[in-house]
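These are the residues of each chain, in order.
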Amino acid sequence: MLYTMAERPVRPQSSPECMSKFQQLIDFFTLAIDRGDYQLGDKLPSLRSVCQTHQVSMTTAKKAFYELERLAYVEAEPRAAFRVIVAGQGRKIDALAAGEFDPLCLLENVAAPWGSPFINADLLDTRALNRELMRAMASYPQALNHQPMLGLDQLRRQIARMYHSEGVHLHWENLIVTCGGMEALSLAIQAVVQGISKPCLAVVTPAFPGVLSLIRQLGISVVEVASEPYLDLPTLGVLLQEQAITALLVMPNFQHPSGRCMPEADKQALLDLAYQHQLAIIEDDTYRALHFSGQAPLPLKAYDRLGLVLHCCSFSKTIAPGYRVGWIEPGRWSDRIRALKFCSSLSSPLPSQLALAALLAGDLHTRSIAKLRTELQKRTDAMRTDILACFPAGTQVEIPAGGYLLWITLPQAIDLSALLKKALAKGIHFAPGWLCYPQGGPLCKQMRLNASFYLGQREELGWLGEGIVCEMKQTG
């Protein structure tokens, strides 16, 4: 029989001072089940292992498990096994105020997960990659004899050839494979600030919340550079003259969350400005392959002649979600990046690299990405149209040139934290816009929605639009 948390019999509480081993054992497992460490249908450890781990007798262990069964936490099965029959509460969102909001809350499993920063994995055809992974495991024992810290040579060569096919020359030996794009960004930031007593990063905003959180964790100060509609180069030039800026962090192609793409002439102008001030530029190129029209725009790295650009990218948004394979071309910071990589993760997992190297040697991935781009454009167009129909008059929605995110500006600032709490109760998710800025309060007029999860849910969008109107009235 399966139970909900509310249907379980109530167990008496005991103070820690008077707890017997029997009571301690019950509390140990009820707490683990309540928190979701053991989920519905999971087996608990065997009675014998419980006796050894908790230093109790078999009689005490059995008595405790029978009590868990009476309390409707578990159910006895043949061969003295006990299986969990109640769904735990798990992790709850209880801090949504600005400054307290945990970005990981955006991973919640809800019906309309439009606040997620990740691409909808259902849109990615991973069958070819999965086959290559199975084949790769056959040669895995031999590959273990040579675990290159900088990444698998075959994979680095294939990545370099990807750029060569676009007319961009990146030498494979300069590439360093990382554990996803976030490690590449982390290594780049740490490399450029190393040895500087009070580093300061200029960040083009709005920006990816994950990298803003990383900068905060590293204790680095931030100066915002506006991107309306693109990077404001004259303002950046004045800033570089007036302040000691350590590096610029920018996403020139399909910026998160706006989807804007910097014109090619501006990329060259930015590099000219960087040369003039010897400014390090950290380029996050995560979304470039997800362009909606024509050919992919060039990365900023293509214009770099002095090694000032630390180019970061990954496969997570295109062909290999969850494989955690990224890379960095570190320019003149190569030695620092190599040393930091050694101290950070030593090397990246081999099975993922073997599979990706084999996949990239063929052409199946290019067709897969082309289909993905078509589907993403269809979903972003549909969601944008429906947002404008369901949200209050005066709402503006960026027209992204690529990617899968929609950046929305409301007619006025409202308490998005309060709205998010109500939305979550309806199974609707969105990302408050203040997540994309270094400093932000609960009152905000921007929000980010993930169109890759949009399936034409106009009813949910309509509810969200009505909620926005209600918050606007309360805010005045």
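Below is a short write-up of the structure. Everything quoted here is computed from the prediction, not taken from an experiment.

1. Topic: the overall build of the chain
Part 1: Summing up its helical and strand segments, the chain has 15 helices and 13 strands in all.
Part 2: Each principal axis of the C-alpha atoms in the chain carries an extent, and together these give about 75 × 65 × 50 Å.
Part 3: The buried share of the chain, reckoned over its 476 residues, is 52%.
Part 4: Contacts spanning at least 24 positions in sequence make up 74% of the contacts within the chain whose residues lie at least 6 apart.
Part 5: In the chain, the 45 positive side-chain charges and the 44 negative ones have mean positions that sit 5 Å from each other.

2. Here's the deal with the nonpolar core
Part 1: Leu155, Leu236, Leu248 and Phe315 are the most contacted members of the largest nonpolar core, which has 83 residues in total.
Part 2: Ignoring any residue separated from it by four or fewer positions in sequence, one finds Phe315 in contact with Leu155, Ile159, Met162, Ala320, Pro321, Val325, Trp327, Leu356 and Leu360.
Part 3: Among the nonpolar cores identified, the runner-up in size contains 32 residues, and Ala112, Leu419, Trp434 and Met472 belong to it.

3. Some details on the sheet that holds strand β9 (residues 326-329)
Part 1: Spatially, β3-β9-β8-β7-β6-β4-β5 is the arrangement adopted by the seven strands of the open sheet, whose pairing is mixed. Where the open sheet ends on each side, the last strands, each with one partner, are β3 (176-178) and β5 (221-226). Between one strand axis and the next, the sheet turns by 20 degrees as a mean value, whatever way the strands run.
Part 2: In this structure, strand β8 (residues 309-314) lies alongside β9, joined through four bridges in antiparallel fashion. Residue His311 lies in a different strand from β9, and its bridge partner there is Glu329.
Part 3: Along the sheet face, helix α6 (residues 153-164) touches β3, β8 and β9 and points at about 70 degrees away from the line of β9.

4. Some thoughts on the pairing of strand β13 (residues 443-450)
Part 1: Summarising burial for β13: six of the eight residues are buried, a large majority.
Part 2: Of the strand pairs in this sheet, strand β11 (residues 405-415) and β13 are connected by seven bridges, and their pairing is antiparallel. When the sheet's bridge partners are listed, Asp415 is paired in β13 with Leu443.
Part 3: Sheet analysis places strand β12 (residues 431-432) next to β13, joined by two bridges and oriented antiparallel. The residue of β13 that forms the bridge with Ala431 is Arg448.

5. Quick word on the packing of helix α1 (residues 21-34) against helix α3 (residues 58-70)
Part 1: Close contact between α1 and α3 brings their axes to 9 Å; oriented N to C, the two are set at 45 degrees. Viewed along their axes, α1 and α3 adopt a mutual orientation that is oblique. The handedness of the crossing between α1 and α3 comes out as right-handed. Contact residues: Phe22, Leu25, Ile26, Phe29 and Thr30 in α1; Thr60, Ala61, Lys63, Ala64, Phe65, Glu67 and Leu68 in α3.
Part 2: Broken down by class, the residue content of the contact of α1 with α3 amounts to eight nonpolar, two polar and two charged.

6. Examining the side chain of Thr30
Part 1: Tracing the backbone through its elements, the reader meets Thr30 in helix α1.
Part 2: With a relative accessible area of 0%, Thr30 lands in the buried category.
Part 3: Within polar-contact distance, the side chain of Thr30 engages the backbone oxygen of Asp27 at 3.2 Å.

7. Observations concerning the pattern of salt bridges
Part 1: A complete count under the given rule lists 17 salt bridges for this structure.
Part 2: Between Arg458 and Asp386 there is a salt bridge, with the nearest N and O atoms lying 3.0 Å from each other. Placement of Arg458 in helix α15 (residues 458-475) and of Asp386 in helix α13 (residues 364-390) is noted, with a sequence separation of 72 residues between them.
Part 3: What makes Arg458 partly exposed here is its relative accessible area of 43%.
Part 4: Residue classification places Asp386 among the buried residues on the basis of a relative accessible area of 11%.
Part 5: Residues Glu471 and Lys422 are paired through a salt bridge, measuring 2.9 Å at the closest nitrogen-oxygen approach. Linking Glu471 in helix α15 with Lys422 in helix α14 (residues 416-425), this pair joins segments that are 49 residues apart in sequence.

8. Section: the packing of helix α7 (residues 180-193) against helix α8 (residues 209-217)
To characterise two packed helices, one gives the angle between the axes of the helices and the distance between these axes.
Part 1: Axis separation between α7 and α8 bottoms out at 11 Å; the angle between their running directions is 40 degrees. When the axis of α7 is compared with that of α8, the two are oblique. Handedness of the α7/α8 crossing: right-handed. Taken together, the residues of α8 that come into contact with α7 (itself represented by Met182, Leu185, Ser186 and Ile189) are Gly210, Val211, Leu214 and Ile215.
Part 2: Per-class residue counts for the contact of α7 with α8 are six nonpolar, two polar and no charged.

9. What about α7?
Part 1: With 14 residues, α7 ought to run about 20 Å at 1.5 Å a step, and its terminal C-alpha atoms sit 21 Å apart, in line with that.
Part 2: α7 sits mainly inside the fold: twelve of its 14 residues count as buried.
Part 3: Buried within α7 we find Gly180, Gly181, Glu183, Ala184, Leu185, Ser186, Leu187, Ala188, Ile189, Ala191, Val192 and Val193.
Part 4: Where α7 terminates, the next one or two residues include Gly195, which has phi positive at roughly 85 degrees.

10. Some remarks on the packing of aromatic side chains
Part 1: This model, assessed by the stated rule, comprises ten aromatic pairs.
Part 2: With centroids separated by 5.2 Å and ring planes inclined at 85 degrees, the aromatic side chains of Phe28 and Phe29 adopt a geometry described as edge-to-face.
Part 3: Here the aromatic rings of Phe315 and Trp327 are separated by 4.7 Å at their centres, their planes lie at 50 degrees, and the arrangement is tilted. Pair noted here: Phe315 is in the loop between β8 and β9 and Trp327 is in strand β9, with a separation of twelve residues, a long-range link.

11. Here's the deal with helix α12 (residues 350-360)
Part 1: Of all eleven residues in α12, nine are buried; the element is thus mostly enclosed.
Part 2: Burial in α12 covers these residues: Leu350, Ser352, Gln353, Leu354, Ala355, Leu356, Ala357, Leu359 and Leu360.
Part 3: Those residues of α12 that are buried lie in contact with α4 (127-138), α5 (140-143), α6, β3 and α13.

About the cut-offs
- Residues numbered from 1 in each chain as written.
- Predicted model: local features only at pLDDT ≥ 70, side-chain atom pairs only at ≥ 80, totals over all residues.
- Heavy atoms only, no water.
- Helix = DSSP H or I, 4+ residues; strand = E, 2+ residues; numbered from the N terminus.
- Buried < 20%, exposed > 50% of the residue type's maximum accessible area, 1.4 Å probe, protein only.
- Contact = heavy atoms within 4.5 Å.
- Lys, Arg positive; Asp, Glu negative; His and termini not counted.
- Charge placed at Lys NZ, Arg CZ, Asp CG, Glu CD.
- Core = buried A, V, L, I, M, F, W, Y, C linked by side-chain atoms within 4.5 Å.
- Pairing = 2+ DSSP bridges.
- Axes fitted to C-alpha atoms, helices over the stretch in contact; angles between N-to-C directions.
- Parallel < 35°, antiparallel > 145°, perpendicular 65-115°, else oblique.
- Left-handed = near helix turned anticlockwise from the far one by under 90°.
- Nonpolar A, V, L, I, M, F, W, Y, C, P; charged D, E, K, R; others polar.
- Polar contact = N/O pair within 3.5 Å; in protein donor to acceptor, adjacent residues only side chain to side chain.
- Salt bridge = Lys/Arg side-chain N within 4 Å of Asp/Glu carboxyl O.
- Expected span 1.5 Å × (residues − 1).
- Phe/Tyr/Trp six-rings, centres within 6.5 Å; stacked < 30°, edge-to-face > 60°.

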